[in-house]
Amino acid sequence: MSAARSASPAGAASSSSAAAAAAAAAAQANLKPIQVKLVLLGEAAVGKSSLVLRFVNNEFQENKEPTIGAAFLTQKCKLDDKIIKFEIWDTAGQERFHSLAPMYYRNAQAAVVAYDLTKPASLEKAKAWVKELQRQANPNIVIALVGNKLDLASTARGVSTEEAQAYANESGLLFLEASAKTGEFVMDIFTEIAKKIPLDTLAAARQRTGLTSGGGAGGASSSGRVDLNQNPANSQGADGNCAC
Amino acid sequence: MPIFADFRFSLVQAAAVDLNDPSSIAQSKAGFVLKVATTKDNEIRFEAAAVDVLHALLVEVKALMAIAKNKGYLAGGPTHEWRRFYERMMLEASAATDRGRINSAASNPFINFDSGVSSNTLKMIKDAWAAKELRARELQFSDFSKIKLFVGTWNVKGNPVSESLTPWLSTSKEDEPDMYIIGFQEVDLRTEAYIIGNTAKEDEWCKAIETALAASQSEKYIKIAAKQLIGMLMVVYLRRPLYPFVHDVASESVGTGIFSMMGNKGAVGIRLKLFDSYLCFVNAHLAADVVMVDRRNQDYQEICRRMSFPLQSHYKDYMAYVQANAWVASSIDSASALNGFPTPGFHADTFTSAVPNKTNLSTFDADHFIWLGDLNYRVTVSDVEAKKCLSDNSIQDLLKFDQLRIEQAASRSFNGFSEGPITFPPTYKYEPGTSEYVSSEKKRAPSWCDRILWFTNPLKAEDPEWLTLTRYEAVNEMISSDHKPVRAMFVLKIRKLNNDKLSAAQDAITRELDKFENEAQPDLVPDANLIQFGDIRFMVPTTRTIEVENKGQVIAQYRFVSPLEDRICKPWCYITPSTGALMPGEKLAINITILVDRTTVTYLNAGNDSIEDILTLHTENGKDHFISISGRWLPSCFGNPIEVLCRLGRPIRSFALDELCALYTQVQRSQLRLPPTRASGAESESAGPAATSSIESPSPTPPKPFENRLSIPRELWRIIDFIYKFGMDVDNLFLSTGDPVLTEYFRECLDTGVEFDLSVLLSDPVEEAPEAESNDSLAEQQKHQQQDTPSKTPDAASPPDAGVGEGDAAGAGAEEAEAEAEQALDIDEVISNLSKTSFGMQQPETVVVPPPRPRGRVAAVHSAADTLLRFLEALPEPVVPSFMHRRCVLEGYHTFAAARQIVQAMPTEHLNSFVYITSFLREVLANYRGRGGIDEEKFARVFAPILLQTVSADDVPRGLPGAPGSVTGTAPNGGAGSAVGAPMPFASSGSQAGGGGGAAARAAMLASSPTPSSSAAGGTGGATSPPKSTSSYITNMLYNVVTWTAPGVAGVAGGGGIGAAGPAGASVGGALQGAAGSSSGLGILGASPAGTAQGVAVQQLRANPGLIGPPIPAEATSAGGIEAWNRKRWMFLMHFLERENYF
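Predicted, not measured: the structure shown is a model, and the values here were computed from it. (Residues numbered from 1 in each chain as written. Chains lettered and ligands numbered in written order. Predicted model: local features only at pLDDT ≥ 70, side-chain atom pairs only at ≥ 80, totals over all residues. Heavy atoms only, no water.)

**A short note on the overall build of chain B**
- When you go through chain B residue by residue, the secondary structure sums to 39 helices and 26 strands.
- Residues counted as buried form 54% of the 1143 residues belonging to chain B.
- Partitioning the intrachain contacts of chain B with sequence separation of at least 6 by distance along the chain shows that 75% fall at a separation of at least 24.
- Here chain B displays about 47,200 Å² of accessible surface, and carbon together with sulfur accounts for 55% of that area. (Helix = DSSP H or I, 4+ residues; strand = E, 2+ residues; numbered from the N terminus. Buried < 20%, exposed > 50% of the residue type's maximum accessible area, 1.4 Å probe, protein only. Contact = heavy atoms within 4.5 Å. Areas by Shrake-Rupley, 256 points an atom, 1.4 Å probe, with all protein chains shown as cover.)

Have a look at this one:
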């Protein structure tokens, strides 16, 4: 019925690079973030909470009170064209709460094991955590060893970079030294982790099942959880429905 | 559902409960339905397995109710208009059904909405927030430039191009436009144009435009879009250098003519993106004729509604487009400007309600929206008056009658549109070829049919430079049509995005959103992370309270979690409430109670557990708090194995935990929990009577260590001794409950080794002079002694209880003799030092147990009796070890000999305790039978479940309930028909029949049932009402049967008694028990000749008057099995209570 035709030479150009940029902008606004559960472990007072606070709020607090429990924070992070939403469980470092840690590292896709680079003993504790994670956590977990308090390195360093780096290399860990106080290299911890996590597997797994990973610690309802990373090769469909 | 001040609740059980059926009561826990209703048709049902789950909900509803009451919300009132928003949300959420529901549980919501809001909805809210922020920051990432726009409209009356368009299209050099939008109407009036698509007219007019532009303008232009609908044609020309910056060109048409469909009237639209601004143009030709003003309004609305452009494929839906172009005015923004259309068919909602599922763009989704065309609005005066106005050169007077302005002012059309000041004369209707208005037969008043308007961008209303009109005029030089062409020139602000800055702004917003999300977390803070409970004693609940406060902005829902599956804390810890929700600012006291009961005491005594735990208070979508609890366990004699208790040389409290722990390990090593072989059982049977025959009453002797062991637990002796001395005569001994304070006192004395304070325990609670009281109790004591002494005298001469169970050991005689001497001495001691026996225990001087207020002797004795029962109950291994229960029940209950044989196979300490307890009970019965109704049966009923306590369900054989198959099988065999009227012969023949006895007895039972239908239905356990009138008699008679047939072990007792019992008993059993229970009894006992009678008798014992209830349905087979088990358990015990001399 229409006797008209669209004479739009420019219309053909709409797939040009400028249009692609617009599409990318649109995609960013609508991209579903990939959720990554990350747990922070390490001896008491090495600065786990401070690292998170720096990462999430870009803040630093002197004399933070010890964490008795596990703080939960989220932070999105952009990597290339993907958005990663870190769901961070910042755990209590005190030894008496050690037995509760599995509740938090279970199902985690990433772990930051922190030590205080002025205290050699804290690296030993970190090594113990790494061992535990490698033994009991999800086998594909990405572990980053982080030496915190880099701002004190010049005056009070107790662990050499080489020593920690060598240990990280032999154990297959990411390694960084950072300072929550100055903010130096804190963002890098998380971007390095994001780079190392098999995001495509995670995203694909989620799309297959329509599930999101993580959620609260909620140990009691762990049966309702689906560990996306446990068997990335297998189909996740088997225990498809989250019953939480 | 909105909450109103007026609504009702009802709470009902989901399933009916038969109060006579314990299993049904247990099941009924699992089904409560809470109904909340505002009106009859508006009811919500919640189902829950337990009432406590509903608690949190009720708290929530109450809070809402209070708000509703304060604000005066009423069902159907105008105060609930807001909920329409949520209803729409819910509609959208439910469209995303399952997926949304799954996501909602796992995601971290921006705000802790209730679970009814899906995470999709939450994502929508978050995205909308991000878009709003992005829009607010537009200036951070946008650069603006200005373009000049030429808009022209001309109704050419179907004429071909016959004159140059230059006068219309040419501009001064400095005004030269960047873009031309030229709309024509009536380019093609031929009828075939409705059918045949034809671009000839477009080409013709475009050529004319291009010629005019080439001739008059210095710039080069390129056609970027054209759209024709029959007579309507719109073309867009762009200055060549701008060509690379045009994207997303789309064109559409809407016909509103004949049938509201055809293209003789309607509009064509073109939408395009120039740099990063969306421009939209509509060229319309609305209904003609002065009286058709409503139709024109309607055409306008139709075009607004129907003109739509496809969404670019990279947007998944309309909202995605809106959020990705947050800075572009959308139809949602424009909806408010469009409000007020009177036509029901077109309301602002038409836009917004369609939004979530929209897959296309409207004309209002643009930065600039310009409407041109022959709108056909006329002036509402006669042609004479109009022409007079014009000749007076008073255009403004005539404009007052312009229909478009009138309709706009009345909000009936073109709401939100603006138009430049009209300074030109009406553009219609001229005599073609001239610039004279027609003076024709129709007497048309000259009108401003041809107009150019723009929609005021609601986002840029404050920016005067967003769109400026520089010219708005008619071109009178053009004469070929009866319309004069109109042109308008605009300067538009056009946006250019800086992608780096945009990206930075988006990142900043994401961070902010994250921060909000983290701040919007529920923040529940407990006032303590460490709770000290102090000393923890057995069965003494200790409660500490923590207060949690919701310091966050949102509802905080909490629950306690644990890394351990299925439980949130150690089994001795109780948290109430363990789940809940707090409003912001609300505080809640959470009680944490430690109660060590018999299920947990052993672990603590053995050092396998300690009063230490870490509770995890988990806030949904928030952080976890750890709460450490600790207390000091004071070991108790309750909940220790008899073997351990027999090795304690001093009060358990005086042991350190690691000492106890070592003792446990020692006992566990030495003790093989294996049932003795048959051979050893037989041995002990033969040897037993000789060695133990003299044990017939409890010894008042404190147990002595025997090879570092006591023969019975000291605590058992102490408590029984107390009752023995002061309370055997008390009415309803063991049948009444004790006083909790006294019970606790007794327990504490046993644990610490402190003497019972007799002066307090035996005093009456009267407020008289304490002297008189103590005198009374002393007198009473003495009376007791006198009473007791005669019965004890023979004991003194008899071998001591320490020898019990060692009887089979060779050469025990000498030891016995020794023990005898000791014992005799002890008795004297005890009698003389009634109130201060020390038992030779090392007693810490510091231990003091504050005695309770006097409550009288009776209460003290009942409490002591209670303490005894609880003590026995708490034994991790019952007095009769659990591995023997099956034998007791399956074999031991029917003859005394069998029962005795089993008992003698018990481990030493257990045997000693068993003999001690039963002897004591016999002593009580011998002297005080009938006091408040105590008799053998009552004692057996009280003690059997404790002495033969079922530790785990596995100990109850599954076979016991009896397979229904065997029931249906036996009934026909027994010949129900032939049995009718001849119960006695059947019963006796059954006993002769040996193996077939079970079937026969069963048949007898069925046959003698008073109700005929029962015999027919008997095979399936059909039962009718019991013969209540005879039941009491029957019970008594059956007692006789049991008691005097039982000894006749090997069928000597014969058919007479059995037969006699048969008819009467069977009727009860048949009626009451139905098929299931009877088959179990019979099936097991069938092999024994005496079994027949027993099997029947067992059934009948259920006919105890107190137990008669409605018929038990056949399905309750398993319940019947447990009942049978219980019954046989106490029947087993009966043997030991009935006999004066059982060894």
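**Points about the overall build of chain A**
- Each helix and strand in chain A was counted, giving eight helices and six strands.
- Starting at the N terminus, the α and β elements of chain A follow one another as α-β-α-β-β-α-β-α-β-α-α-β-α-α.
- Across the 244 residues in chain A, those meeting the buried criterion constitute 56%.
- Within chain A, contacts between residues separated by at least 24 positions form 72% of all contacts whose residues are at least 6 apart in sequence.

**Side note on unusual backbone geometry**
Residues and elements named next belong to chain B.
- Geometrically, the link from Tyr-428 to Lys-429 is a cis peptide bond, its omega value of 5° lying close to zero.
- The residue Lys-429 is located in the loop between β14 (417-419) and β15 (450-455) in this model.
- With an omega dihedral of -15°, the bond running from Thr-576 to Pro-577 counts as a cis peptide bond.
- In this fold, Pro-577 is placed in the loop between β22 (573-576) and β23 (579-582).

**Focus: the pairing of strand β21 (residues 556-561) of chain B**
Residue and element names in this part refer to chain B.
- Within β21, five of the six residues are buried, leaving the element largely enclosed by the surrounding structure.
- Inspection of the sheet shows β21 paired to β23 by four bridges, in the antiparallel sense. For Gln-557, the partnering residue across the bridge sits in β23 and is Ala-581.
- Judged from the four bridges that link them, β21 and strand β25 (residues 612-619) form a sheet pairing that is antiparallel. Bridge pairing links Tyr-558 to Thr-619 in β25. (Pairing = 2+ DSSP bridges.)

**Regarding the environment of Ala-335 of chain B**
- Note that Ala-335 of chain B resides in helix α11 (residues 331-338).
- As for Ala-335 of chain B and Gly-416 of chain B, which are separated by 81 residues in sequence, their C-alpha atoms are 9.8 Å apart.

**Focus on the sheet that holds strand β24 (residues 587-594) of chain B**
Residue and element names in this part refer to chain B.
- Spatially, four strands are ordered β18-β20-β24-β22 in an open sheet, and the strand pairing comes out antiparallel. A strand with exactly one partner marks an edge of an open sheet, and here the two such strands are β18 (524-526) and β22. Neighbour-to-neighbour, the strand axes of the sheet open up by a mean angle of 25°, direction not taken into account.
- Pairing geometry for β22 and β24, over four bridges, is antiparallel. Bridge pairing in β24 links Tyr-574 to Thr-593. (Axes fitted to C-alpha atoms, helices over the stretch in contact; angles between N-to-C directions.)

**A closer look at the nonpolar core**
- Grouped together as the largest cluster of nonpolar side chains are 113 residues, with contacts concentrated most on Val-596, Phe-722, Phe-734, Leu-872, Phe-914 and Phe-943 of chain B.
- By size, the runner-up hydrophobic cluster in this structure holds 50 residues, among which are Ile-147, Met-234, Ala-386 and Ile-494 of chain B. (Core = buried A, V, L, I, M, F, W, Y, C linked by side-chain atoms within 4.5 Å.)

**Considerations on the sheet that holds strand β9 (residues 266-274) of chain B**
All names here are of chain B.
- Taken together, the six strands give an open sheet; going across it, the order is β8-β9-β10-β13-β15-β14, and neighbouring strands pair in mixed fashion. The sheet is open, and its two edges are formed by β8 (246-255) and β14, each paired on a single side. Geometrically, the sheet is characterised by an average inter-axis angle of 20° between neighbouring strands, direction not taken into account.
- One ladder, built from eight bridges, connects β8 with β9; its direction is antiparallel.

**What to know about the pattern of salt bridges**
All names here are of chain B.
- Taken as a whole and assessed by the stated rule, the structure comprises 51 salt bridges over all chains.
- One salt bridge connects Asp-317 with Lys-316, and the closest N-O pair in it is separated by 3.6 Å.
- The class for Lys-316 is exposed, based on a relative accessible area of 67%.
- Put simply, Asp-392 and Lys-388 hold a salt bridge, and the shortest N to O gap is 3.5 Å.
- A single salt-bridge network, built from bridges that share partners, covers Glu-138, Asp-367, Lys-460 and Arg-495. (Salt bridge = Lys/Arg side-chain N within 4 Å of Asp/Glu carboxyl O.)

**A few points about the packing of aromatic side chains**
All names here are of chain B.
- Within this structure, the stated rule accounts for 52 aromatic pairs over all chains.
- A ring pair is formed by Phe-369 and Phe-417, whose centres lie 5.4 Å apart and whose planes are at 70°; its orientation type is edge-to-face. Note that Phe-369 is positioned in strand β13 (residues 368-374) and Phe-417 in strand β14, a separation of 48 residues in sequence. Each member of the pair, Phe-369 together with Phe-417, is buried.
- Residue placement shows Arg-296 over the ring face of Tyr-377; its charged tip is 5.2 Å from the ring centre.
- The ring centre of Phe-655 lies 4.0 Å from the NZ or CZ of Arg-650, which sits over that ring. (Phe/Tyr/Trp six-rings, centres within 6.5 Å; stacked < 30°, edge-to-face > 60°. Lys NZ or Arg CZ within 6 Å of the ring centre and 35° of its normal.)

**Quick notes on helix α29 (residues 908-928) of chain B**
All names here are of chain B.
- For α29, spanning 21 residues, the distance from its first C-alpha to its last is 30 Å, which sits close to the expected 30 Å at 1.5 Å a residue.
- Among the 21 residues in α29, 18 count as buried, and that is most of the element.
- Of the residues trailing α29, Gly-930 is marked for its positive phi of about 90°. (Expected span 1.5 Å × (residues − 1).)

**So, the pairing of strand β7 (residues 232-239) of chain B**
All names here are of chain B.
- A large share of β7 lies buried, amounting to eight of its eight residues.
- In β7, alternate side chains face the same way, and those of Met-232, Met-234, Val-236 and Leu-238 on one face and Leu-233, Val-235, Tyr-237 and Arg-239 on the other are all buried.
- Pairing geometry for strand β5 (residues 179-185) and β7, over six bridges, is antiparallel. Looking across to β7, one finds that Ile-181 is bridged to Val-236.
- Note that strand β6 (residues 221-229) and β7 share eight bridges and pair antiparallel. Note on β7: the bridge partner recorded for Ala-225 is Val-236.
- Counted along the chain from β6 to the antiparallel partner β7, the turn is two residues long, and its residue Ile-230 has a positive phi close to 55°.

**Regarding the packing of helix α26 (residues 857-874) of chain B against helix α30 (residues 936-947) of chain B**
Residue and element names in this part refer to chain B.
- It is at 8 Å that the axes of α26 and α30 come closest, and there the two elements cross at 30°. The pairing of α26 with α30 is recorded here as roughly parallel in orientation. Along its contact with α26, which presents Leu-868, Leu-869, Leu-872 and Glu-873, the element α30 presents Val-942, Phe-943, Ile-946 and Leu-947.
- Taken together, the residues of the contact of α26 with α30 break down into seven nonpolar, no polar and one charged. (Parallel < 35°, antiparallel > 145°, perpendicular 65-115°, else oblique. Nonpolar A, V, L, I, M, F, W, Y, C, P; charged D, E, K, R; others polar.)

**Quick look at the packing of helix α22 (residues 740-752) of chain B against α26 of chain B**
Residues and elements named next belong to chain B.
- Where α22 meets α26, the closest approach of the two axes is 8 Å, and the angle between their N-to-C directions is 60°. Between α22 and α26, the crossing angle belongs to the class labelled oblique. Here α22 and α26 pass one another in a crossing that is right-handed. Along the contact surface, α22 presents Leu-742, Thr-743, Phe-746, Arg-747 and Leu-750, while α26 presents Ala-859, Ala-860, Ser-863, Ala-864, Asp-866 and Thr-867.
- Residue classes in the contact of α22 with α26 are distributed as six nonpolar, three polar and two charged. (Left-handed = near helix turned anticlockwise from the far one by under 90°.)

**Details of the confidence of the model for chain B**
Residue and element names in this part refer to chain B.
- Here chain B averages 70 in pLDDT, and 61% of its residues register 70 or above.
- Scored below 50 in pLDDT, residues 21-30 makes twelve contacts in the model with residues more than four places away or belonging to other chains.
- Below a pLDDT of 50 lies the segment residues 957-1117, which in the model reaches 195 contacts outside its immediate sequence neighbourhood of four places, other chains included.
- The ipTM for the predicted assembly is 0.76, set against a pTM of 0.57. (pLDDT = per-residue confidence, 0-100.)

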